[in-house]
Amino acid sequence: MGEVVEATIYRQLVGSLMHLMNTCLDMCYAVNQLSQVMVMPTKLYWKAVKHVLRYLRGTTKYGLWYK
């Protein structure tokens, strides 16, 4: 088992990702997996949350445009 990180901040971030998941369906599986370790998140999961945040930052201009 890895080193445990601050659970409160982790829960807040994953909760925000869950809310955002309603508009970005491509990240449903990742957020689902991250939400399963809300009690004792380790550095591995913290790193995965940061990876999802970097993915979101890089895909802000992607989307479907209807005219």
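K.L.:
Help me out: how do you make sense of the packing of helix α2 (residues 28–35) against helix α3 (residues 43–58) in this one?
P.N.:
The relative placement of two packed helices comes down to the angle between their axes together with the axis-to-axis distance. Between α2 and α3, whose axes approach to 10 Å, the crossing angle comes to 155 degrees. Comparing the axis directions of α2 and α3 gives the class roughly antiparallel. Remark: the crossing between α2 and α3 carries left-handed chirality. In this structure, α2 uses A30, Q33 and L34 to contact α3, whose residues at the interface are Y45, A48, V49 and V52.

K.L.:
How should I be thinking about the packing of helix α1 (residues 7–20) against α2 in this particular structure?
P.N.:
The N-to-C vectors of α1 and α2 enclose an angle of 150 degrees; their axes lie 10 Å apart at closest approach. The angle between α1 and α2 falls in the class roughly antiparallel. The two elements α1 and α2 cross, and the hand of that crossing is left-handed. Along its contact with α1, which presents Y10, V14, L17 and M18, the element α2 presents V31, L34 and S35. By residue class, the composition of the contact of α1 with α2 is six nonpolar, one polar and no charged.

K.L.:
Explain the nonpolar core to me, please; I cannot follow it from the model alone.
P.N.:
The nonpolar side chains of a soluble globular protein tend to be buried with one another. By size, the foremost hydrophobic cluster in this structure holds ten residues: Y10, V14, L17, M27, V31, L34, V37, V49, V52 and L56. Leaving out residues up to four positions away in the same chain, V37 has contacts with Y10 and Y45.

K.L.:
How do you make sense of the environment of L20 when you look at a structure like this?
P.N.:
Residue placement: L20 occurs in helix α1. Note: C-alpha distance between L20 and R57 (37 residues apart in sequence) is 13 Å.

K.L.:
Would you mind going over α2 with me for this structure?
P.N.:
For the α-helix, the turn length of 3.6 residues means that residues three or four positions removed from each other point alike. If you check which residues of α2 are buried, you get V31, L34 and S35. Along the axis of α2, the buried positions cluster into a sector of 95 degrees, meaning they face one direction only.

The rules we used
Residues numbered from 1 in each chain as written. Predicted model: local features only at pLDDT ≥ 70, side-chain atom pairs only at ≥ 80, totals over all residues. Heavy atoms only, no water. Axes fitted to C-alpha atoms, helices over the stretch in contact; angles between N-to-C directions. Helix = DSSP H or I, 4+ residues; strand = E, 2+ residues; numbered from the N terminus. Parallel < 35°, antiparallel > 145°, perpendicular 65-115°, else oblique. Left-handed = near helix turned anticlockwise from the far one by under 90°. Contact = heavy atoms within 4.5 Å. Nonpolar A, V, L, I, M, F, W, Y, C, P; charged D, E, K, R; others polar. Core = buried A, V, L, I, M, F, W, Y, C linked by side-chain atoms within 4.5 Å. Buried < 20%, exposed > 50% of the residue type's maximum accessible area, 1.4 Å probe, protein only. Arc of directions from axis to C-beta.

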